[in-house]
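Residue-level listing of the chains:
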Amino acid sequence: QAKTCKPNRGHEALVELEQMFPDNFLLITQNVDDLHERAGTKNLLHMHGEIFKARCMECHNVFEWYEDLFAEHRCVHCNGQMRPHIVWFNEMPLYMDEIIFELNRCDLFISIGTSGLVYPAAGFCQLASGKGAHTVEININRTGNMFSSVIEGPATKATDELLSIIKSSYLN
């Protein structure tokens, strides 16, 4: 099903946000699909991996992979065992050093559609706000009082409200 799904308005709004701040935008996603890329996002980190990729357990090379992955699939570089390029439960998310670096220097942190309960992502807001960033939560329901601002509603609609606020606040 992931191959046939299409990006929604929330994905498209994030592309617009990236286009407003092309040198100062990073989208960190917990999603393993490629909807952000298909919407047009350029500066993106998949902290939980990507469903359409496989990686070698020996040399760690990552390959596009759209077929089923079986134990007999071997790496073309080193003949090592292949695995889905997905972070499984109890594994450390990908790109954590880069994510922490960016959180330490951001001035606006936006969390969209997450419970804010599972670490390490649950600590991103605290890290960014601790460095002085304005923090915004977009979610159907408020997840707590840790954010500077909250926009309640589905991401497909609330991201447009966010764009309006940013356009009036940052671009004027």
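Details of the structure are given in the entry above.
Residues numbered from 1 in each chain as written. Predicted model: local features only at pLDDT ≥ 70, side-chain atom pairs only at ≥ 80, totals over all residues. Heavy atoms only, no water.

(A) Inspection of the packing of helix α1 (residues 9–20) against helix α5 (residues 155–170) at higher detail. Contact geometry of α1 with α5 gives a least axis separation of 7 Å together with a crossing angle of 20°. The orientation of α1 relative to α5 falls into the category roughly parallel. Along this stretch, α1 crosses α5, giving a crossing that reads as left-handed. Along the contact surface, α1 presents Arg9, Gly10, Ala13, Glu16, Leu17 and Met20, while α5 presents Ala155, Thr156, Thr159, Asp160, Leu163, Ile166 and Lys167. (Axes fitted to C-alpha atoms, helices over the stretch in contact; angles between N-to-C directions. Helix = DSSP H or I, 4+ residues; strand = E, 2+ residues; numbered from the N terminus. Parallel < 35°, antiparallel > 145°, perpendicular 65-115°, else oblique. Left-handed = near helix turned anticlockwise from the far one by under 90°. Contact = heavy atoms within 4.5 Å.)

(B) Quick peek at α1. In a regular helix each residue adds 1.5 Å, so 12 residues correspond to 16 Å; α1 covers 17 Å between its end C-alpha atoms and thus fits that length. Within α1 the residues assigned to the buried category are Gly10, His11, Ala13, Leu14, Val15, Leu17, Glu18 and Met20. Buried-residue contacts for α1 involve β1 (27–29), α2 (35–39), β6 (108–112) and α5. (Expected span 1.5 Å × (residues − 1). Buried < 20%, exposed > 50% of the residue type's maximum accessible area, 1.4 Å probe, protein only.)

(C) Region of the structure containing the sheet that holds strand β5 (residues 82–86). If you trace the 3 strands from one edge of the open sheet to the other, you get β4-β3-β5, paired in antiparallel fashion. The outermost strands of the open sheet, each flanked by one partner alone, are β4 (62–64) and β5. Averaged over all pairs of adjacent strands, the angle between their axes in this sheet comes to 45°, without regard to strand direction. The pairing of strand β3 (residues 49–56) with β5 spans 4 bridges and is classified as antiparallel. What sits directly across from Arg55, in β5, is Arg83. (Pairing = 2+ DSSP bridges.)

(D) Structural view of the layout of surface pockets. Computed from the structure, the largest pocket encloses a volume of approximately 1200 Å³. Lining the largest pocket are 45 residues, with Leu26, Leu27, Ile28, Phe109 and Ile110 sitting closest to its centre. Only α1, β1, α3 (96–105), β6, α4 (124–130) and α5 provide two or more residues apiece to the lining of the largest pocket. If one sorts the elements of the lining of the largest pocket by residue count, β6 sits on top with 5 residues. Split into classes, the residues belonging to the lining of the largest pocket amount to 24 nonpolar, 16 polar and 5 charged. (1 Å grid on protein atoms, 1.4 Å probe; cavity = no way out; pocket = protein on both sides within 12 Å on 5 of 7 lines; lining within 4 Å. Points joined across faces, edges and corners; volume = space filled by probe spheres on them. Nonpolar A, V, L, I, M, F, W, Y, C, P; charged D, E, K, R; others polar.)

(E) Inspection of the pairing of strand β7 (residues 134–139) at higher detail. Within β7, 5 of the 6 residues are buried, leaving the element largely enclosed by the surrounding structure. Looking at chain direction, β6 and β7 are connected through 5 bridges and run parallel. Pairing of Leu108 across the sheet is with His134, part of β7. On the question of chirality, the crossover connecting β6 to the parallel β7 by way of α4 is right-handed. Where β7 lies against strand β8 (residues 149–152), 4 bridges are found, and the strand directions are parallel. Looking at β8, one finds that Ile138 is bridged to Ile151. (Right-handed = clockwise from strand over helix to strand, strands pointing away.)

(F) Summary view of the nonpolar core. Within the largest apolar cluster, 14 residues are counted, with the highest numbers of intra-cluster contacts made by Leu17, Leu27, Val136, Ile138, Ile151, Leu162 and Leu163. Those elements that provide at least two residues to this core are α1, β7 and α5. Not counting the four nearest positions on each side in its chain, Leu163 is found in contact with Arg9, Ala13, Glu16, Leu17 and Met20. Grouped together as the second largest cluster of nonpolar side chains are 13 residues, Met96, Cys125, Ala128 and Ala133 included. (Core = buried A, V, L, I, M, F, W, Y, C linked by side-chain atoms within 4.5 Å.)

Structural measurements only, silent on function.
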